[in-house]
Amino acid sequence: MAEKKRVYLMRHAKPELPMNGRVYYGQTDYPLSAQGIAAAEEVGEYLKGKITFDYLYASDMIRAQQTARLVAPYLPITTVPALREVNLGEWEGRGYDEVREQFREIYEARGVKFAEVAPPGGETFGELQRRTVPAFEEILSARRSGAILIVAHGAAIWSIMARCFGLDLNDMFFFSQDYCGIHVLEPANGRMRIYQYNWLPLLKAAV
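Residues numbered from 1 in each chain as written. Predicted model: local features only at pLDDT ≥ 70, side-chain atom pairs only at ≥ 80, totals over all residues. Heavy atoms only, no water.

In the nomenclature of an unreviewed UniProt entry, the protein chain is known as phosphoglycerate mutase (2,3-diphosphoglycerate-dependent) of Cloacibacillus evryensis. Of the comments in the UniProt record for the protein chain, the one headed Sequence similarities (unreviewed entry) reads "Belongs to the phosphoglycerate mutase family. BPG-dependent PGAM subfamily." (UniProt positions renumbered as here; feature names shortened; annotations may be inferred.)

Here you go:
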């Protein structure tokens, strides 16, 4: 086990989505697509011999659990329900066009203030952050050293990154977070240092 602590925040691989992917699916529990499974397997194979993870955490959602097993099959998964994706309430499983037409006023308001406006019955990004950050901090405090892989979701990971680096929750879509993208972080003097943002091992990037 490495003496230092390094955190790998990974977004799950591509899920199997209806409507050609033009659907809201925060906590709708879609499994990985065939393409997603292949990508996660390839990431795991590429990382073999380059990075050996010491600990593996994942959201309790199917797409995160599947990705975690494929990337680090040699480790047991510690499941963390607080890391699941943002709850989109009445928008879950509905297409983009349907939501825009039926919920126009709140749709437009949310597009300006993700941190403060939620879909009916759902969460704001601020509420999301209030559950993800304590879970992330608990993981960090539980592990004094080693390589920690955490597999979660786009908005959930963004909420953690925003807190770590003082970013505005409303700016999520200005920062890419690809399927299987990994943010590589290291705690340093009470703060967090970023080594890689949205690193894609499939691109054979340097470790």
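Let us keep going from here.
**Some words on helix 2 (residues 62–71)**
Taken as a whole, helix 2 has its buried residues at Arg63, Ala64, Gln65, Thr67, Ala68 and Val71. Tucked inside the fold, the buried residues of helix 2 contact strand 1 (5–11), helix 1 (34–47), strand 2 (55–58), strand 3 (78–79) and strand 4 (146–152). (Buried < 20%, exposed > 50% of the residue type's maximum accessible area, 1.4 Å probe, protein only. Helix = DSSP H or I, 4+ residues; strand = E, 2+ residues; numbered from the N terminus. Contact = heavy atoms within 4.5 Å.)

**Digging into the nonpolar core**
Tyr8, Met10, Leu47, Phe53, Val71, Leu149 and Val151 are the most contacted members of the largest nonpolar core, which totals 25 residues. Among the elements of the structure, strand 1, helix 1, strand 2, helix 2, strand 4 and strand 5 (182–188) are those that each provide at least two residues to this core. If you tally residues by element for this core, the top one is helix 1, at 5 residues. Sequence-distant contacts of Phe53, that is, excluding residues within four places in its chain, are made with Tyr8, Leu47, Val71, Ala72, Tyr74, Leu75, Ala147 and Leu149. Listed in part, the 18 residues of the second largest apolar core include Val80, Leu83, Phe136 and Ile157. (Core = buried A, V, L, I, M, F, W, Y, C linked by side-chain atoms within 4.5 Å.)

**A closer look at the side chain of Arg131**
Mapped onto the secondary structure, Arg131 falls in helix 5 (residues 125–142). Given the relative accessible area of 19%, Arg131 is considered buried. A polar contact is formed between the side chain of Arg131 and the backbone oxygen of Ala82, at a distance of 2.7 Å. If near-sequence neighbours (up to four positions away) are discounted, Arg131 is found in contact with Gln27, Pro81, Ala82, Leu83, Arg84, Glu85, Val86, Asn87 and Glu123. (Polar contact = N/O pair within 3.5 Å; in protein donor to acceptor, adjacent residues only side chain to side chain.)

**Concerning the pattern of salt bridges**
Summed over all chains, the structure comprises 8 salt bridges. Salt-bridge contacts for Glu98 lead to Arg94; the nearest nitrogen and oxygen are separated by 3.3 Å. Accessibility expressed as a relative area gives 30% for Glu98, which makes it partly exposed. The class of Arg94 is partly exposed, set by a relative accessible area of 23%. Each of Lys4, Arg6 and Glu186 takes part in one network of salt bridges that share partners. (Salt bridge = Lys/Arg side-chain N within 4 Å of Asp/Glu carboxyl O.)

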